[in-house]
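Each chain, letter by letter, is given below.
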Amino acid sequence: ATSAQVEESLELLDTVAQIVVSVSTYEPNDQMLGLEWRITFQTDVGDQPVLYGDGANLYSSIAEGSVTMEIVDGDNAIDDSTGLKLDTTIVGEVPARYGSAIVGADDRDYTISGLESGIDYFIRVSAINVHGAGPVKSAGADAFNVPQQIPDPPTNVSLAVNYGDDDSLTISFNAPVSDGGASITHYRVELDPTDTFDNPIRQDIYCPFASLKSVWRISTSTADTDDTTNPLIGGSFQLELSVDGNSYTTDPIAYNAVASASDEVEIDDEIPIAGTNSRTFTVTNNSAVVRASASLAGILFHNDIIRIDNQNYEGARYRVSMETPSSLEFNLTDPDEGTLRPFVGTTSSTAGITRVYGGRGTAGTSLVFCESTSSYCTSVQGRLQSAGSVESKIEALSEAITLGVNVSRFGPDETNSFIWFVTFLDDSPVSEALDFTLTLANNELKDFNGTIGAGNIELEQWQDGNTYDECTGVSHIIPSDGGLQNGLNYFARVTAVNSLGYSLPQAAPNSEKPQTVPGRPTAVVLTTISATQLRVQFSSPTDDGGDAVTSYLIEYASSSDFTINYGTASVTYLDSGSPYWKTLSNLEQGTNYYVQVRACNSQGCGEAQMSATTAAPYEESSAPSNVRIGVTSDSMLTVGYDTPTDNGGAEIQYYRVEWDTMPNFNSLSASPHKGAVDVDASIALSYTIDELSVATRYYIRVIPINLAGYGAASATLSAMPALQIPGIPRSITVSPSSAGAIDVSWLYPRIPYHGIPCGGFDTNPDECPVALGGSLPESTGGSAILEYEVEINERAAFDGTDGLTVTTTSTSLTISGLTEGRGYYVRVLTRNAVGSGQFCALSGSVCTGDVLYAVATVET
């Protein structure tokens, strides 16, 4: 079949649109001969389904010949032996941004949506019937372009509290549905107390697309910047690059280095032959001398590499050799060897010259970048200093640079100086102090006079790098430096900005106010209510944080760090106004509690204010224990008592001692026969009532007093004053004296015979009162001491045969006639007219110390 027949037959299938068929002879070997039809789908887009064929009705005109049929689908299979495709068929692909639609037979227009601004689109239409799609008709030879526009408004704008800050808010937003075909550079946020935005506060939030790259300007110049008589003609310099706190040094950079790596193979700088600073040149075939139409000062420079119009060999390059920078003539030399190299070409008096930078050259002279690690790229050969672009030299610092640099070059000027602008493509570090920084590491520029290092190299940061974070889908603090009024509601709106302008603003659905947690409550006071309850009272904070206080949190514990017996309570009913109070119940009686209060609003609870003092739950005390009465003398009674078994949770401060001549304590007796006294619990557990009448019965009771007030009274006891035997002597000392003698001394009794101190404590008793008209304490029982009896014996039970008893009116004596070297026990009693008191056989101020014992001295 012909190609037309195959094409017509296939296009009758409703799954096939327009195709092109070509036919050729198929002869894979000398035993096979046939035809090959190649089918190209013209209007069906993408990979097409496999074609299936039926060759059952094919036959061969050759006797005993056979016919086969094979259809090869588009396939990218590879021949393992050759690495080539097995077949030349091509897989159909769908182009990027391709789209199609089927519309009704009666429709005559269609709107294409979802296109990208700034992209060229081509459009074609084909008709479809039961047999498939017909030929396509393009909508014109030119592409259609959706013009770039201002963006749509931002979406999902949300204004929120900046927690913990009282003069700023946070805002978040998402990208517009369409950026208008141009990338969004930044968003403008506006805040205003009015929803009409009469005088808004503005803040621009820049996006990564608008990030600024760090740009540095590198310039060279001669010592005298206007001196064309001594231009730069060679040498190199090195730069130090610092970034992220690390520093790196470049290889030498040639004084006239090209800007980019692509320039290294060669770029041209044609010297104009007409107009300002134009020159023409006289060149002669086979001559190395070239003459200019005017002075070459500031136009062409010694060591420049050039090519000349009408030279016979396009690749020929010459180096300029001048005697002076302002010469009219110069010699041509070989760029590599430095020897004279005559011009080979057409003689001319108006030839043009093109200055050349870069060039491949030989392995040793190429000006394409090389690194010092290469054996042919060394400072000795000079190639390290002369080869390579500024881009290559800086990008070789791969530890500091990932994305590379863009470099542009301007020059030369009249002194053969250049300016390079270096743009670092990597994002700048967040900290400005760590940004890309260039400094001069080495200067070996050479001027015409041969001075090394005479040229100037200036480095200036032309643009600070600034890397912007994601601007959408994240929260931003606005204003970034604060300044909003705490507690004042602000409205917010956001505008998207691209290169064409501003979108319509999108407002946040709600206003918001800067607010924080409240300040500390004031005037926190803690008081006791009962044995298990405390009451805390407090007033409002001076600062509500910009939002109404809704509750107060009360924390209490028995430790200052609020870890032991920790509990909380809340006050939520605030309508009654400040001050507020709360009763804390079920507390441990007698345990000191620390209490602190926090004010809370919608942002949470603020810092705590502790009460000025601690407090403990308590109640009135039970009665004192061990209450007893001792008859001290004929005018005194002494009452003793111990602490209550239950002090009510508070320390006993005083004990009230009451006495009366009637047991119901309601007699009409006057003082001193009726009375009461509050005894400080910290200084005494007894009290002596004096100036009483002998043979009169007095009734006595004791009442404890704590912070809660008067506790339970003790049982009422009674007694009548009367003369008594004296108390025991005290502070007795014994010691050896002369041979066969022992010294004994003691003090006047302090505790009456009944053993209850007149005041103070058992271990530190007070002196008893002096009777009216008397001179000595009444620890004597009210009767004067007649004598002291001192007994001494060899045995502790005082039943030994070696002993004696001595009386004295003094408070010391020496007992003689004792067996030398023998130890003796000693005891002392006091005697008055009533009788003898008890012996004291122990040392100490209250006769509670060691046994009194001494050894009689042995005569030597």
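It should be noted that the structure appears before, not after, this text.
Residues numbered from 1 in each chain as written. Predicted model: local features only at pLDDT ≥ 70, side-chain atom pairs only at ≥ 80, totals over all residues. Heavy atoms only, no water.

Peer 1: Honestly, the overall build of the protein chain in this entry has me stumped. Any pointers?
Peer 2: Tallying secondary structure elements over the protein chain gives three helices and 55 strands in all. For 860 residues, the compact-globule estimate of 2.2 N^0.38 gives 29 Å, and the protein chain exceeds it by more than 25% at 59 Å. Seen along its three principal axes, the alpha-carbon backbone of the protein chain occupies a region of about 165 × 85 × 80 Å. Counting across all 860 residues of the protein chain, residues that qualify as buried make up 39%. By element, 48% of the accessible surface of the protein chain is carried by carbon and sulfur atoms, the whole surface being about 44500 Å². (Helix = DSSP H or I, 4+ residues; strand = E, 2+ residues; numbered from the N terminus. Rg over C-alpha atoms; globule rule 2.2 N^0.38 Å. Buried < 20%, exposed > 50% of the residue type's maximum accessible area, 1.4 Å probe, protein only. Areas by Shrake-Rupley, 256 points an atom, 1.4 Å probe, with all protein chains shown as cover.)

Peer 1: Whenever I open this one, unusual backbone geometry confuses me. Can you help?
Peer 2: Across residues other than glycine, the phi torsion is negative in most instances, and most of the peptide bonds are trans. In the segment running from Gly 411 into Pro 412, the intervening peptide bond is cis, with an omega of 5°. Cis geometry is adopted by the peptide bond preceding Pro 479, which originates at Ile 478 and carries an omega value of -20°. By secondary structure assignment, the location of Pro 479 is in the loop between strand 27 (476-478) and strand 28 (491-498). Phi angles above zero are rare outside glycine, and Asn 565 is one such case at about 55°.

Peer 1: How should I be thinking about the nonpolar core in this particular structure?
Peer 2: Buried together is how nonpolar side chains tend to be arranged in soluble globular proteins. Residues Ile 218, Phe 237, Leu 241, Val 390, Val 422 and Phe 424 are the most contacted members of the largest nonpolar core, which totals 30 residues. Among the secondary structure elements, those contributing two or more residues to this core are strand 11 (215-221), strand 12 (232-243), strand 14 (253-254), helix 3 (390-395), strand 23 (405-410), strand 24 (419-424) and strand 25 (437-447). The biggest single contributor to this core is strand 12, with five residues. (Core = buried A, V, L, I, M, F, W, Y, C linked by side-chain atoms within 4.5 Å.)

Peer 1: Explain the pairing of strand 54 (residues 823-832) to me, please; I cannot follow it from the model alone.
Peer 2: If a strand is regular, its side chains alternate between the two faces of the sheet. With eight of its 10 residues buried, strand 54 lies for the most part within the structure. Two strands pair when backbone bridges link them, and strand 51 (residues 785-793) and strand 54 are joined in this way by eight bridges, in the antiparallel orientation. Pairing of Glu 787 across the sheet is with Arg 831, part of strand 54. Relative to strand 55 (residues 853-855), strand 54 is paired through three bridges, and the arrangement is antiparallel. Considered in strand 55, the bridge of Tyr 825 is made with Tyr 853. (Pairing = 2+ DSSP bridges.)

Peer 1: So what exactly am I meant to see when it comes to the state of the cysteines here?
Peer 2: Scanning the model with the defined rule gives four disulfides in all. For Cys 207, the disulfide goes to Cys 471, at an S-S distance of 2.1 Å. Between Cys 207 and Cys 471 the sulfur-sulfur dihedral comes to about 105°; the bridge is accordingly right-handed. Taken as a pair, Cys 207 in the loop between strand 10 (201-206) and strand 11 and Cys 471 in the loop between strand 26 (456-463) and strand 27 lie far apart in primary sequence, 264 residues in all. As far as the burial class goes, Cys 207 and Cys 471 line up, both buried. Between the sulfur of Cys 758 and that of Cys 768 lies a disulfide, 1.8 Å long from S to S. Judged by the torsion about the S-S bond (80°), the Cys 758/Cys 768 disulfide is right-handed. Here the residue Cys 758 occupies a position in the loop between strand 48 (742-747) and strand 49 (760-761), and Cys 768 occupies one in the loop between strand 50 (764-765) and strand 51, the gap between them amounting to 10 residues. (Disulfide = S-S within 2.5 Å.)

Peer 1: Where do I start with the pattern of salt bridges in this structure?
Peer 2: When the charged atoms of two side chains with opposite charge come close together, those side chains can pair. Evaluated as defined, the whole model comprises 25 salt bridges. The partner of Glu 767 in a salt bridge is Arg 750, with the nearest N and O atoms 2.9 Å apart. Of this pair, Glu 767 sits in the loop between strand 50 and strand 51 while Arg 750 is found in the loop between strand 48 and strand 49, placing the two residues 17 residues apart along the sequence. On the accessibility criterion, Glu 767 (37% relative accessible area) is partly exposed. Connected through shared salt-bridge partners, Glu 266, Asp 268, Arg 307 and Arg 317 make up one network. (Salt bridge = Lys/Arg side-chain N within 4 Å of Asp/Glu carboxyl O.)

Peer 1: Explain the sheet that holds strand 23 to me, please; I cannot follow it from the model alone.
Peer 2: Strand pairing in a sheet is mediated by backbone hydrogen bonds. Such pairs are either parallel or antiparallel. Taken in spatial order, the four strands make up an open sheet running 23-24-11-26, and their pairing is antiparallel. Each having just a single partner strand, strand 23 and strand 26 make up the two edges of the open sheet. Strand-to-strand, the axes of this sheet are offset by a mean angle of 20°, without reference to chain direction. Here seven bridges tie strand 11 to strand 26, and the two strands are oriented antiparallel to one another. Bridge pairing links Thr 220 to Ile 457 in strand 26. (Axes fitted to C-alpha atoms, helices over the stretch in contact; angles between N-to-C directions.)

Peer 1: Please clarify how the side chain of Lys 513 should be interpreted in this entry.
Peer 2: In this fold, Lys 513 is placed in the loop between strand 30 (506-507) and strand 31 (522-528). On the accessibility criterion, Lys 513 (18% relative accessible area) is buried. Polar contacts involving the side chain of Lys 513 include one to the side chain of Asp 547, which spans 3.1 Å. Discounting residues that sit within four places of it in the chain, Lys 513 has contacts with Val 161, Leu 169, Gly 487, Leu 488, Asn 489, Gly 546 and Asp 547. (Polar contact = N/O pair within 3.5 Å; in protein donor to acceptor, adjacent residues only side chain to side chain. Contact = heavy atoms within 4.5 Å.)

Peer 1: Honestly, the sheet that holds strand 52 (residues 803-808) in this entry has me stumped. Any pointers?
Peer 2: Strand order in the open sheet formed by four strands is 52-51-54-55, and the pairing between neighbours is antiparallel. The open sheet has two edge strands with one neighbour each: strand 52 and strand 55. Strand-to-strand twist in this sheet, taken as the mean axis angle between neighbours without regard to direction, amounts to 30°. Bridging between strand 51 and strand 52 involves six bridges; their strand directions are antiparallel. Following the sheet pairing, Ile 792 is matched in strand 52 by Leu 804.

Peer 1: I keep staring at a nonpolar patch on the surface and nothing clicks. Help me out?
Peer 2: There is a patch of nonpolar side chains on the surface, built from Val 103, Tyr 110, Ile 112, Leu 115, Ile 123, Val 125 and Phe 144 and spanning about 610 Å² of accessible area. Relative to the elements of secondary structure, Val 103 occurs in the loop between strand 2 (32-41) and strand 3 (120-121). (Patch = residues over 30% accessible without salt bridge, like charges linked within 9 Å, V, L, I, M, F, W, Y side chains within 5 Å.)

Peer 1: I tried to follow the pairing of strand 1 (residues 19-29) on my own but got confused; where do I start?
Peer 2: Where strand 1 and strand 2 come together, nine bridges link them in antiparallel fashion. Within the sheet, the bridge partner assigned to Tyr 26 lies in strand 2 and is Gly 34. The turn joining strand 1 and strand 2, which pair antiparallel and follow one another in sequence, is formed by two residues.

Peer 1: Just checking my understanding: could you explain the packing of aromatic side chains for this structure?
Peer 2: Each aromatic ring pair is summarised here by two numbers: the centre-to-centre distance and the angle between the ring planes. A complete count under the given rule lists 17 aromatic pairs for this structure. Measuring from centroid to centroid gives 4.5 Å for Phe 424 and Phe 436, while their planes differ by 10°, and the two rings are stacked. Of this pair, Phe 424 sits in strand 24 while Phe 436 is found in the loop between strand 24 and strand 25, placing the two residues 12 residues apart along the sequence. Across this residue pair, the class does not change: Phe 424 and Phe 436 are buried. Between Tyr 825 and Tyr 853, the aromatic rings sit 4.7 Å apart at their centres with planes inclined by 55°, giving tilted as the arrangement. Highlighted residues: Tyr 825 in strand 54 and Tyr 853 in strand 55, separated in sequence by 28 residues. In this structure Tyr 825 comes out as partly exposed when scored by relative accessible area, which is 23%. Among the aromatic residues, ring-to-ring pairing joins Phe 237, Tyr 357, Phe 418 and Trp 420 into one connected group. Lying across the ring of Tyr 318, Arg 341 places its NZ or CZ 5.3 Å from the centre. (Phe/Tyr/Trp six-rings, centres within 6.5 Å; stacked < 30°, edge-to-face > 60°. Lys NZ or Arg CZ within 6 Å of the ring centre and 35° of its normal.)

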